[in-house]
Amino acid sequence: MAARILIVEDEEPLTLLLRYNLEAEGFVVDSVARGDDAELHLRDNTPDLVLLDWMLPGLSGIELCRRLRARRDTERVPIIMLTARGEETERVRGLATGADDYVVKPFSLPELIARIQALLRRAKPGHVAGLLTAGDLELDRTTRRVRRSGEELHLGPTEFRLLEFLMQAPGRVYSRAQLLDAVWGRDVYIDERTVDVHVGRLRKAITPGDAKDPLAARATPSTRRLRGRDGNRHARAQTRASRDDEAPLPCRPEILGSSPRMTSLRPPTPDRLTRGVRRRKPARCTAKTSPSSAPAPPG
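Residues numbered from 1 in each chain as written. Predicted model: local features only at pLDDT ≥ 70, side-chain atom pairs only at ≥ 80, totals over all residues. Heavy atoms only, no water.

### Structural notes on the overall build of the protein chain
1) Next: Of regular secondary structure, the protein chain possesses 11 helices and 11 strands.
2) Next: By the burial criterion, 32% of the 299 residues in the protein chain qualify as buried.
3) Next: Here the contacts in the protein chain between residues at least 6 apart in sequence split such that 52% fall between residues at least 24 apart.
4) Next: Total accessible area on the protein chain is roughly 20200 Å²; 52% of this is exposed by carbon and sulfur atoms. (Helix = DSSP H or I, 4+ residues; strand = E, 2+ residues; numbered from the N terminus. Buried < 20%, exposed > 50% of the residue type's maximum accessible area, 1.4 Å probe, protein only. Contact = heavy atoms within 4.5 Å. Areas by Shrake-Rupley, 256 points an atom, 1.4 Å probe, with all protein chains shown as cover.)

### Side note on the pairing of strand β7 (residues 137–140)
1) Next: Bridge count between strand β6 (residues 131–134) and β7: 4 bridges; the pairing is antiparallel. Each bridged residue has a counterpart across the sheet, and for Thr133 the counterpart in β7 is Glu138.
2) Next: Taking the residues between adjacent antiparallel strands as the criterion, β6 and β7 are bridged by 2 residues, where Gly135 takes a positive phi near 70°.
3) Next: Sheet topology places β7 next to strand β8 (residues 145–148); 4 bridges connect them, and they run antiparallel. Residue pairing across strands places Glu138 opposite Arg147, the latter belonging to β8.
4) Next: Linking two consecutive strands that pair antiparallel, namely β7 and β8, is a turn of 4 residues; a positive phi of about 60° is found at Arg144 within it. (Pairing = 2+ DSSP bridges.)

### A short note on the pairing of β8
Sheet faces and side chains relate simply in a regular strand, where the side chains alternate between the two faces.
1) Next: Side chains Val146 and Arg148 of β8 all project onto a buried face; the interleaved residues Arg145 and Arg147 project onto a face where none is buried.
2) Next: As paired elements, β8 and strand β9 (residues 151–153) share 3 bridges and run antiparallel to each other. Bridge pairing links Arg148 to Glu151 in β9.
3) Next: If you look at the hairpin formed by β8 and β9, you'll find 2 residues sitting between the two strands, and Ser149 has a positive phi there, around 55°.

### Structural notes on the packing of helix α3 (residues 61–70) against helix α4 (residues 88–97)
1) Next: Running from amino to carboxyl end, α3 crosses α4 at an angle of 25°, the nearest separation of the two axes being 9 Å. Taken together, the axes of α3 and α4 lie roughly parallel to each other. Counted together, Ile62, Cys65, Arg66 and Arg69 of α3 and Arg93, Gly94 and Thr97 of α4 form the full contact between these two elements.
2) Next: When the residues that make up the contact of α3 with α4 are grouped by side-chain class, the tally is 2 nonpolar, 2 polar and 3 charged. (Axes fitted to C-alpha atoms, helices over the stretch in contact; angles between N-to-C directions. Parallel < 35°, antiparallel > 145°, perpendicular 65-115°, else oblique. Nonpolar A, V, L, I, M, F, W, Y, C, P; charged D, E, K, R; others polar.)

### Here we look at the pattern of salt bridges
Pairing is possible between side chains that carry opposite charge, provided their charged atoms lie close to one another.
1) Next: Summed over all chains, the structure comprises 19 salt bridges.
2) Next: Across the pair Arg66 and Glu63 runs a salt bridge, and its minimum N-O distance is 2.3 Å. You can see Arg66 and its partner Glu63 sitting in helix α3, 3 residues apart, about one turn around the helix.
3) Next: Across the pair Glu111 and Arg115 runs a salt bridge whose closest N-O atoms are separated by 2.9 Å. (Salt bridge = Lys/Arg side-chain N within 4 Å of Asp/Glu carboxyl O.)

### Some words on the confidence of the model for the protein chain
1) Next: For the protein chain, mean pLDDT is 75; residues scoring 70 or higher make up 68% of the total.
2) Next: Mean pLDDT per element in the protein chain: strand β10 (residues 253–256) is the minimum at 42, and strand β3 (residues 49–52) is the maximum at 93.
3) Next: Here residues 219–231 scores under 50 on pLDDT; set against residues more than four positions off or in separate chains, the count is 3 contacts. (pLDDT = per-residue confidence, 0-100.)

Next comes the structure, spelled out in structure tokens:
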């Protein structure tokens with residue numbers, strides 16, 4: 001994969017000139033015009049090299065260089081100071097702060113590109129090497145060919161770029177988002193599951209027959225324990241889901257007497273509502289008559 005270079009420069013014409021020439025050399029270029037914006041950009045995206053101006057709005061280049069060297073994820077990123085300050089004391093200050101090289105404006109573009117390539121050869125040899133190797137895998141960038149144990153493999157263009165990126169740092173773990181940015185670019189909006197499809201194709205292409213999958217992660221005792229826990233948790237979740245699927249639908253309780261009971265979803269009938277309820281016998285209405293009001297017997 002091509003090396004990614006971040007240009008931190010507030011002069012737009014110079015930024016356009018640098019971008020055009022660096023992209024012509026095969027580099028991937030990002031640009032930021034302010035020092036504080038560059039610090040935010042570097043928190044999410046770590047480039048392979050930084051071209052840094054000294055005088056920047058928001059945050060000076062020398063302070064940004066000091067902060068980058070204080071962070072663990074950017075302490076080894078090559079930095080070239082690109083500034084109009086050419087005094088000896090300022091050059092010494094820039095190099096002492098953490099810059100790997102110091103170029104004074106105006107400068108020669110071929111010389112700057114040569115300095116960039118020299119720094120990348122020392123810091124990121126995988127970005128400039130013509131032949132990448134990992135185990136019995138060989139990837140030739142010049143001829144665009146891949147071999148395993150001397151046998152040539154046939155890969156598509158996307159699988160080739162994906163394998164090239166992975167072979168630059170064997171053993172490193174990447175997320176789907178990182179692979180999308182590195183292989184497809186940040187300007188392409190596709191689903192992250194696309195990575196799964198191309199990784200599957202790459203594994204199938206580089207694992208002919210009964211050969212061992214070189215992309216398979218090696219399990220350590222700690223990862224095996226974690227996988228066992230995750231597997232048990234996943235099995236329990238599947239069991240609960242199956243039980244939920246087989247469970248009957250909730251029914252409406254009918255109150256019969258004083259205790260609720262779960263019944264079917266059929267609407268209750270009057271006979272069922274009164275079943276089990278103790279009924280009282282209707283009371284007889286008897287009228288008491290007095291002798292005076294009793295009718296006289298017939299004469």
